Amino acid sequence: MSEYKKRIIDNILRETLEYSGAVLIEGPKWCGKTSTASKIAKSILDMHDPDYAESNIQMAITRPSELLKGDKPRLIDEWQVAPVLWDAVRISVDRENKEGLYILTGSSLPKDGKVMHSGAGRISRLTMRTMSLYESEDSNGEVSVKKLFEGGYDDISSTSKLTFDRLAYLVCRGGWPKSLFLSEKGSLAKTKDYIEAIVNKETFDYDGVKRDPKKIEPLLKSLARNIGTEASIKTIIGDISTFGGSLSDESARDYIDALKKIFVIEPLYAWNPKLRSKVAVRSTPRYHFTDQSIGTAALGINPNDLKKDINTYGFYFESMCIKDLRVYAQSNDGEVFYYRDSNGLECDAVIHLRNGKWGA
């Protein structure tokens, strides 16, 4: 049985529960949301439990407050199965007027129009991603983003023990918690299973709209081939045709939107420092998967393939770094962007903190 490895979001969740009545943890399937929330929760409602799923949904329709009964904080896992629970939680927080009452987890957004209220002021949102290399204990963590912003280094340096070959494997393995306890063959197969679930099930389950698996698969391959770039819809559609698929502009946008809502892709948006300059700043988002291994699995790439194609290896290594920086930036109340202007000045990652500090 796999043991629980501490996550950076553990402390963020505890701190958020101290000032918020409820916390929503969103992120891709298998990233560890339930395990993390379970460490803090004192009672759990699993909306996907097959023994009680049907009765829970009926209860949510007729008397949702019954499902909220239990020791607090109460975890409601995959709440979006019954979107009415959102408003039930919001009302409960208002009535009890306490902090730390509920933790909600979800691996997709509910169908549009199913939530009556934004939850502002009652329900805080946290994004959970797959494990960073520091969390999986593959990185030594000797250089800290927090300390960099605090100016606490006289000499910024460290030597990694990760080899070229090991890094290629880590790119393809990804940060899926359960993969850490599998063999190399098993961990790579796990991500392949994830791709099959996306293609055949997940994009339909979240909103009930039937999408063609024969179109989702080439779309994933196209996004994988354009990882970390500012590819236009036209470029993506053109790539899809090379993989034997076809999508209209409207359909491509719908499919990409669906992949965002089930946390398969997480675009990297452009940073605009709002300087007084006539230089045009690029605004097209760069496509990244929530875990870079989704891209390698979509293309059928293994570690040996990466080692033979240094250019592709570089793009995927960069995407892994972006994902890790997002994990570290979140713990410092910040976000990650990229910068590129019409003069050709470019920065792959800019961490911008809420207090206005930024680091390129």
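Nothing here was measured: the structure is a model prediction, and the numbers come from that model.

J.: Quick one: what's the story with the overall build of the protein chain, residue by residue and with numbers?
T.: If you tally the helices and strands in the protein chain, you get 13 helices and eight strands. Its C-alpha radius of gyration of 21 Å places the protein chain within 12% of the 21 Å reference for a compact globule of 360 residues. When burial is assessed residue by residue, the protein chain has 48% of its 360 residues classed as buried. A total of about 18,700 Å² of accessible surface is found on the protein chain, and carbon and sulfur atoms cover 48% of it. For the protein chain, the distance from the average site of its 52 positive side-chain charges to the average site of its 51 negative ones is 2 Å.

J.: Give me the lowdown on the packing of helix α8 (residues 213-225) against helix α11 (residues 292-299), citing residues and values where you can.
T.: The N-to-C vectors of α8 and α11 enclose an angle of 120°; their axes lie 8 Å apart at closest approach. Overall, the two elements α8 and α11 adopt an arrangement that is oblique. Regarding α8 and α11, the two cross each other, and that crossing is left-handed. Residues Leu-220, Lys-221, Ala-224 and Arg-225 of α8 touch α11, and the partners they reach there are Gly-295, Ala-298 and Leu-299. Here the contact of α8 with α11 is composed, by residue class, of four nonpolar, one polar and two charged.

J.: I'd like a description of helix α1 (residues 9-19), backed by residues and values.
T.: Since the α-helix advances by 3.6 residues per turn, residues separated by three or four positions end up pointing in the same direction. Within the span of α1, buried status applies to Ile-9, Asp-10, Ile-12, Leu-13, Thr-16 and Leu-17. Taken down its axis, α1 places every buried residue within 165° of arc, on the same side. Of the exposed residues in α1, the ones pointing more than 90 degrees away from its buried face are Glu-18 and Tyr-19. Where the residues of α1 are buried, they touch β1 (22-26), α2 (33-38), β4 (102-106), β5 (123-127) and α13 (310-330).

J.: Outline the sheet that holds strand β8 (residues 358-359), supporting the account with residue identities and numerical values.
T.: The strand order across the open sheet built from three strands is β6-β7-β8, with neighbouring strands paired in antiparallel fashion. Here the strands that pair on one side only, and so sit at the sheet edges, are β6 (334-340) and β8. Pairing of strand β7 (residues 346-353) with β8, which is carried by two bridges, proceeds in the antiparallel orientation. Across the sheet, the residue bridging to Ile-351 is Gly-359, located in β8.

J.: Give a description of the side chain of Ser-107 that names residues and reports values.
T.: Tracing the chain through its elements places Ser-107 in the loop between β4 and β5. For Ser-107, a relative accessible area of 4% gives the class buried. Side chain to side chain, Ser-107 and Glu-78 meet in a polar contact 3.1 Å long. The contact partners of Ser-107, leaving out residues within four places of it in the chain, are Gly-27, Pro-28, Lys-29, Lys-33, Glu-78, Gln-80, Lys-261, Ile-262 and Phe-263.

J.: I'd like a description of the packing of helix α9 (residues 233-242) against helix α10 (residues 249-261), backed by residues and values.
T.: One way to put it is that α9 packs onto α10 with a least axis distance of 10 Å and a crossing angle of 95°. With respect to α10, the axis of α9 lies roughly perpendicular. Contacts from Ile-233, Ile-236 and Ile-237 in α9 reach Asp-249, Ala-252, Arg-253 and Ile-256 in α10. A per-class count over the contact of α9 with α10 returns five nonpolar, no polar and two charged.

Here is what the cut-offs are and how they apply
Residues numbered from 1 in each chain as written. Predicted model: local features only at pLDDT ≥ 70, side-chain atom pairs only at ≥ 80, totals over all residues. Heavy atoms only, no water. Helix = DSSP H or I, 4+ residues; strand = E, 2+ residues; numbered from the N terminus. Rg over C-alpha atoms; globule rule 2.2 N^0.38 Å. Buried < 20%, exposed > 50% of the residue type's maximum accessible area, 1.4 Å probe, protein only. Areas by Shrake-Rupley, 256 points an atom, 1.4 Å probe, with all protein chains shown as cover. Lys, Arg positive; Asp, Glu negative; His and termini not counted. Charge placed at Lys NZ, Arg CZ, Asp CG, Glu CD. Axes fitted to C-alpha atoms, helices over the stretch in contact; angles between N-to-C directions. Parallel < 35°, antiparallel > 145°, perpendicular 65-115°, else oblique. Left-handed = near helix turned anticlockwise from the far one by under 90°. Contact = heavy atoms within 4.5 Å. Nonpolar A, V, L, I, M, F, W, Y, C, P; charged D, E, K, R; others polar. Arc of directions from axis to C-beta. Pairing = 2+ DSSP bridges. Polar contact = N/O pair within 3.5 Å; in protein donor to acceptor, adjacent residues only side chain to side chain.

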